[in-house]
Amino acid sequence: MKYRITELYLHPIKSLGRIAVNKAKLTNTGLAYDRFWMLVDEKGQFITQRTMPMLALFKLEFSPTGIRVQYDSSEIEIPFVHHNSEGEILSTIWGKSYKTLKENAKISAWFSEQLEQNVFLVRMQDERSRHAEKHADAQILFPDGAQYLILGEASLKNLNDKLDVAIG
């Protein structure tokens, strides 16, 4: 049986919109810039669409130096290179805590304004600190549990057949 990739997406910020790409760089933590950032509340608890569905409405695209995030008519750019940290925050994802770096306060303030609550955009402080639960040698950033997340077309069709509105 032959397999081929028919669509490829990156989700630079956990639980926000996706970016369609034709190619991606493989890294030791998965696809480069996939779930590279994450939003957390003031206590460092991660935020996802499971509890905040409006996150799906944020649109993302790559720029030459980072990603542009748009919500309604407002947008902000997040640089790939971390210039000026606003300090560390202990961020919790699935019950485990990790040292993360807060992005520039202006960026977190923009997200806080859009979401109408105080949040921080963070990136992993040490990319080697988090490992896939069932594969201790596999390093990950902010995906739920694996370096690469794959969905077969038959599974997507099965899901869409059960929904009132198809999802992709």
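Model, not experiment: these values are computed from the prediction.

### Comments concerning helix H1 (residues 105-115)
For H1, the full list of buried residues reads Ile107, Ser108, Trp110, Phe111, Ser112, Gln114 and Leu115. Contact partners of the buried residues in H1: strand S5 (37-41), strand S7 (66-71), strand S8 (74-79) and strand S11 (119-124). The residue sitting at the N-terminus of H1 and contributing the capping side-chain oxygen is asparagine 104; that oxygen lies 2.7 Å from the backbone nitrogen of lysine 106. The first or second residue beyond H1 is glutamate 116, which carries a positive phi of 55°.

### A look at unusual backbone geometry
The backbone phi angle of tyrosine 33 is positive, close to 70°, even though this residue is not glycine. With respect to the helices and strands, tyrosine 33 occurs in the loop between strand S4 (30-31) and S5.

### Describing the sheet that holds strand S6 (residues 59-62)
If you walk across this open sheet you meet the three strands as S6-S7-S8, and the pairing is antiparallel. Two strands bound the open sheet, and with one partner strand each, they are S6 and S8. Across the sheet, the axes of successive neighbouring strands diverge by a mean angle of 20°, strand direction being ignored. Bridging between S6 and S7 involves four bridges; their strand directions are antiparallel. Among the inter-strand pairings, phenylalanine 62 is bridged to a residue of S7, identified as isoleucine 67.

### Some thoughts on the pairing of strand S9 (residues 88-93)
Direction of pairing for S9 relative to strand S10 (residues 96-102): antiparallel, over a ladder of six bridges. Across the sheet, isoleucine 89 pairs through a bridge with threonine 100, a residue of S10. The antiparallel hairpin formed by S9 and S10 contains two residues in its connecting segment, where tryptophan 94 sits at a positive phi of about 50°.

### Points about the sheet that holds S10
Pairing within the open sheet is antiparallel, and its four strands lie in the order S5-S11-S10-S9. Bordering the open sheet on either side are S5 and S9, each of which pairs with just one other strand. If you compare each strand with its neighbour and ignore which way they point, the axes differ by 55° on average. Of the strand pairs in this sheet, S10 and S11 are connected by three bridges, and their pairing is antiparallel. Residue pairing for S11: threonine 100 is matched across the bridge by methionine 124. Sitting on the sheet, H1 is in contact with S5 and S11, with an inclination near 130° to S11.

### Concerning a nonpolar patch on the surface
On the surface, a nonpolar cluster with roughly 370 Å² of combined accessible area is contributed by Leu26, Tyr148 and Ile150. With respect to the helices and strands, isoleucine 150 occurs in the loop between strand S13 (135-139) and helix H2 (153-161). You can call isoleucine 150 exposed: its relative accessible area is 80%.

### Description of the pairing of S8
Relative to S8, S7 runs antiparallel, the two sharing six bridges. The partner of glutamine 70 across the bridge, within S8, is glutamate 75. Connecting S7 to the antiparallel partner S8 that follows it, the hairpin turn spans two residues, and aspartate 72 within it adopts a positive phi of roughly 55°.

### Here's the deal with the pattern of salt bridges
Evaluation of the coordinates by the stated rule reveals five salt bridges. Its salt-bridge partner being arginine 68, residue glutamate 77 comes within 3.4 Å of it at the nearest N-O pair. We note a salt bridge from glutamate 103 to arginine 123, for which the minimum N-O separation is 2.4 Å. With a gap of 20 residues between them, glutamate 103 in the loop between S10 and H1 and arginine 123 in strand S11 connect regions that are remote in the sequence. Each member of the pair, glutamate 103 as well as arginine 123, carries the same accessibility label: buried.

Scoring rules and cut-offs
Residues numbered from 1 in each chain as written. Predicted model: local features only at pLDDT ≥ 70, side-chain atom pairs only at ≥ 80, totals over all residues. Heavy atoms only, no water. Buried < 20%, exposed > 50% of the residue type's maximum accessible area, 1.4 Å probe, protein only. Helix = DSSP H or I, 4+ residues; strand = E, 2+ residues; numbered from the N terminus. Contact = heavy atoms within 4.5 Å. Polar contact = N/O pair within 3.5 Å; in protein donor to acceptor, adjacent residues only side chain to side chain. Pairing = 2+ DSSP bridges. Axes fitted to C-alpha atoms, helices over the stretch in contact; angles between N-to-C directions. Patch = residues over 30% accessible without salt bridge, like charges linked within 9 Å, V, L, I, M, F, W, Y side chains within 5 Å. Areas by Shrake-Rupley, 256 points an atom, 1.4 Å probe, with all protein chains shown as cover. Salt bridge = Lys/Arg side-chain N within 4 Å of Asp/Glu carboxyl O.

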